[in-house]
Amino acid sequence: PRADPIGRRDETRGVRAHGPVEMRTQSLRRLLAALGVGAPLPVDEKTLGVFAFKSEWTYEEGLIEVKPVELQLDETRFAGELVRTGVVEPVWTINLRGDRIDLGRYFKLEDKSDVPFELPVDALRALRVPGQVTFDEAQLAAAQMKGVRLRLGLEDPAISTAAQ
């Protein structure tokens, strides 16, 4: 095995695996419910319908690459990649490009609780998932947009540098 300048533990050295991954459901909403995911869902019941994911994955000494990603959520089709660094504290990086989306359909969430929903910002930061999701075309209310980029970032510059 080659030298390990970033100090990974010995058990990842020489470990390699790869293969295809594919999943499809006619209702992501129903699948999430079946899995017990209790997050608030969009009010528009036509959202979170068709979901399809197809890719190849590779694992090598802690590094995970899932590419090329082909993903469909409702009418939106995405292409891109997901990569996890092989460092001791791994970081997932997401880079996806979607064709078109009506963002407004996903922003208004069901209100089934007496307690207001608060975005779990600290938990999301702890996920360590930088990257970007871009859309060729996006709509939000009456605004029609082109070339929309949603950037996912990490506050710690050391993490950001390690993830690049």
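Residues numbered from 1 in each chain as written. Predicted model: local features only at pLDDT ≥ 70, side-chain atom pairs only at ≥ 80, totals over all residues. Heavy atoms only, no water.

A. A look at the packing of aromatic side chains. Evaluated as defined, the whole model comprises 1 aromatic pair. Considering the side-chain rings of F78 and F135, the 5.7 Å spacing of their centres and the 65° angle between planes classify their relative orientation as edge-to-face. Of this pair, F78 sits in strand β4 (residues 76-84) while F135 sits in strand β6 (residues 131-140), placing them 57 residues apart in sequence. For the pair formed by F78 and F135, the shared burial category is buried. (Phe/Tyr/Trp six-rings, centres within 6.5 Å; stacked < 30°, edge-to-face > 60°. Helix = DSSP H or I, 4+ residues; strand = E, 2+ residues; numbered from the N terminus. Buried < 20%, exposed > 50% of the residue type's maximum accessible area, 1.4 Å probe, protein only.)

B. Representation of the pattern of salt bridges in the model. Applying the stated criterion to the full structure yields 9 salt bridges. Put simply, R16 and E61 hold a salt bridge, and the shortest N to O gap is 3.8 Å. Of this pair, R16 sits in strand β1 (residues 16-25) while E61 sits in the loop between β2 (51-60) and β3 (63-73), and the two are 45 residues apart along the sequence. Among the residues examined, E61 registers a relative accessible area of 5% and is labelled buried. Close ionic contact of D44 with R105 constitutes a salt bridge, the shortest N to O distance being 2.9 Å. Highlighted residues: D44 in the loop between α1 (28-34) and β2 and R105 in helix α2 (residues 104-107), separated in sequence by 61 residues. By relative accessible area, which is 26% here, D44 ends up partly exposed. (Salt bridge = Lys/Arg side-chain N within 4 Å of Asp/Glu carboxyl O.)

C. Structural view of a nonpolar patch on the surface. A cluster of nonpolar side chains, namely L31, L35 and V37, defines an oily patch on the protein surface of about 270 Å² accessible area. Judged by its relative accessible area of 36%, L31 is partly exposed. (Patch = residues over 30% accessible without salt bridge, like charges linked within 9 Å, V, L, I, M, F, W, Y side chains within 5 Å. Areas by Shrake-Rupley, 256 points an atom, 1.4 Å probe, with all protein chains shown as cover.)

D. Just the confidence of the model for the chain, in detail. Taken residue by residue, the chain gives an average pLDDT of 84. The fraction at 70 or more is 79%. Note that pLDDT drops below 50 for residues 1-8; the model gives that stretch 15 contacts with residues more than four away or on any other chain. Contacts of residues 157-164 to residues separated by more than four positions or lying in other chains number 9 contacts, the stretch itself having pLDDT below 50. (pLDDT = per-residue confidence, 0-100. Contact = heavy atoms within 4.5 Å.)

E. Structural detail: the nonpolar core. Core analysis: the largest hydrophobic core is formed by 20 residues, its most contacted members being L71, L73, F78 and F135. Among the secondary structure elements, those contributing two or more residues to this core are β2, β3, β5 (92-102) and β6. If one sorts the elements of this core by residue count, β3 sits on top with 5 residues. (Core = buried A, V, L, I, M, F, W, Y, C linked by side-chain atoms within 4.5 Å.)

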